[in-house]
Amino acid sequence: MNPGCIPIRLKLAEICAAALIEAAECIEAARDVGAFVDALDGNHRLWLILRDIEARDDWIAPSIQDTEFATMNSAALGMGISDAVVGAVVVINRQIAGQLACGADLDGIRARVRLAYRESGGGSGFAPWALAQIYTRSRRRSAFPRTEQRGGCQAEAGANLQLS
């Protein structure tokens, strides 16, 4: 981190949204079998953590069906998976990222999360850093309020708790 800089404060929901978009783009950008398998594996790891958050904290997005679909089909690592299914996983990633952003600019969120990654020293790559951030922060407290209503954005103070 640069001396004298104010550290970027990110919400857990922002890191989740950025990680979902990055994972979707990695899947779409894969141009060979190795890159495709790595992208699906990264997406699978992300969804395992997101599924755990859902199970523990009753978060407001995604649906159980979307979670299971994305988790199961990312685990296939390309074996017997159709282009339509891969496309559906990418769409789910993007839709859930949008829900987590609650109408905020996803490009701006991604830029802030990427800047935080760079300021932390980078290191092993964005995806492993983001997964570690999500895992660690979700263990401290939930980014998602308990709610009877699923799938919608809550009041600004409730939906995106500020975590440092």
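Because the structure is predicted, anything quoted here is derived from the model rather than measured.

Caption draft 1: Representation of the overall build of the protein chain in the model. Scanning the protein chain from terminus to terminus reveals seven helices and zero strands. Along the chain direction, N to C, the helices and strands of the protein chain fall in the order α-α-α-α-α-α-α. Counting across all 164 residues of the protein chain, residues that qualify as buried make up 43%. For the protein chain, long-range pairs separated by at least 24 residues make up 73% of all intrachain contacts whose partners lie at least 6 apart in sequence. With an accessible surface of roughly 8300 Å², the protein chain has 56% of that area assigned to carbon and sulfur atoms.

Caption draft 2: Region of interest: the environment of Val90. Relative to the assigned elements, Val90 resides in helix 4 (residues 83-101). C-alpha separation for the pair Val90 and Ala24, spaced 66 residues apart in sequence, amounts to 4.9 Å. Setting aside chain neighbours within four positions, we find Val90 in contact with Ala24, Ile27 and Glu28.

Caption draft 3: Region of interest: the nonpolar core. In terms of nonpolar packing, the biggest core is built from 31 residues, with Leu20, Leu46, Val113, Trp129 and Ile134 touching the most fellow members. For this core, the secondary-structure elements that each account for two or more residues are helix 1 (12-29), helix 2 (33-57), helix 4, helix 5 (106-119) and helix 6 (126-140). With ten residues, helix 1 is the single largest residue contributor to this core. Setting aside its immediate chain neighbours within four residues, Leu20 contacts Leu46, Trp47, Leu50, Asn93, Ile96, Ala97 and Leu100. Counting residues in hydrophobic clusters, the runner-up holds eight residues, among them Leu40, Ile81, Val86 and Val90.

Caption draft 4: Quick look at helix 3 (residues 64-75). Look at helix 3: 16 Å from first C-alpha to last across twelve residues, which is about the 16 Å you get at 1.5 Å a residue. Taken residue by residue, helix 3 has Thr67, Ala70, Thr71, Asn73 and Ser74 as its buried positions. Trailing helix 3 by a residue or two, Leu77 shows a phi angle of about 50°, which is positive.

Caption draft 5: Broad picture of the packing of aromatic side chains. This model, assessed by the stated rule, comprises three aromatic pairs. Aromatic pair Tyr117 and Phe126: ring centres 5.7 Å apart, planes at 85°, arrangement edge-to-face. Judged by relative accessible area, which is 11%, Tyr117 ranks as buried. Here the aromatic residues Tyr117, Phe126 and Trp129 are joined through ring pairs into a cluster of three or more. The residue whose ring lies beneath Arg114 is Phe126, and the NZ or CZ to ring-centre distance is 4.3 Å.

Caption draft 6: Spotlight on the pattern of salt bridges. For the coordinates displayed, the defined rule picks out seven salt bridges. Across the pair Arg94 and Glu28 runs a salt bridge, and its minimum N-O distance is 2.6 Å. Residue Arg94 is located in helix 4, and its partner Glu28 is located in helix 1; the two are separated by 66 residues in the primary sequence. By relative accessible area, Arg94 is classed as partly exposed at 30%. Residue classification places Glu28 among the partly exposed positions, given a relative accessible area of 43%. With a closest N to O distance of 3.9 Å, Glu68 and Arg51 form a salt bridge. Note that Glu68 is positioned in helix 3 and Arg51 in helix 2, a separation of 17 residues in sequence. Residue Glu68 is classed as partly exposed on the basis of its relative accessible area, which comes to 37%. Ionic contacts of the salt-bridge type, sharing partners, join the residues Glu22, Glu25, Arg110 and Arg114 into one network.

Cut-offs used in this document
Residues numbered from 1 in each chain as written. Predicted model: local features only at pLDDT ≥ 70, side-chain atom pairs only at ≥ 80, totals over all residues. Heavy atoms only, no water. Helix = DSSP H or I, 4+ residues; strand = E, 2+ residues; numbered from the N terminus. Buried < 20%, exposed > 50% of the residue type's maximum accessible area, 1.4 Å probe, protein only. Contact = heavy atoms within 4.5 Å. Areas by Shrake-Rupley, 256 points an atom, 1.4 Å probe, with all protein chains shown as cover. Core = buried A, V, L, I, M, F, W, Y, C linked by side-chain atoms within 4.5 Å. Expected span 1.5 Å × (residues − 1). Phe/Tyr/Trp six-rings, centres within 6.5 Å; stacked < 30°, edge-to-face > 60°. Lys NZ or Arg CZ within 6 Å of the ring centre and 35° of its normal. Salt bridge = Lys/Arg side-chain N within 4 Å of Asp/Glu carboxyl O.

These figures capture arrangement, not role.
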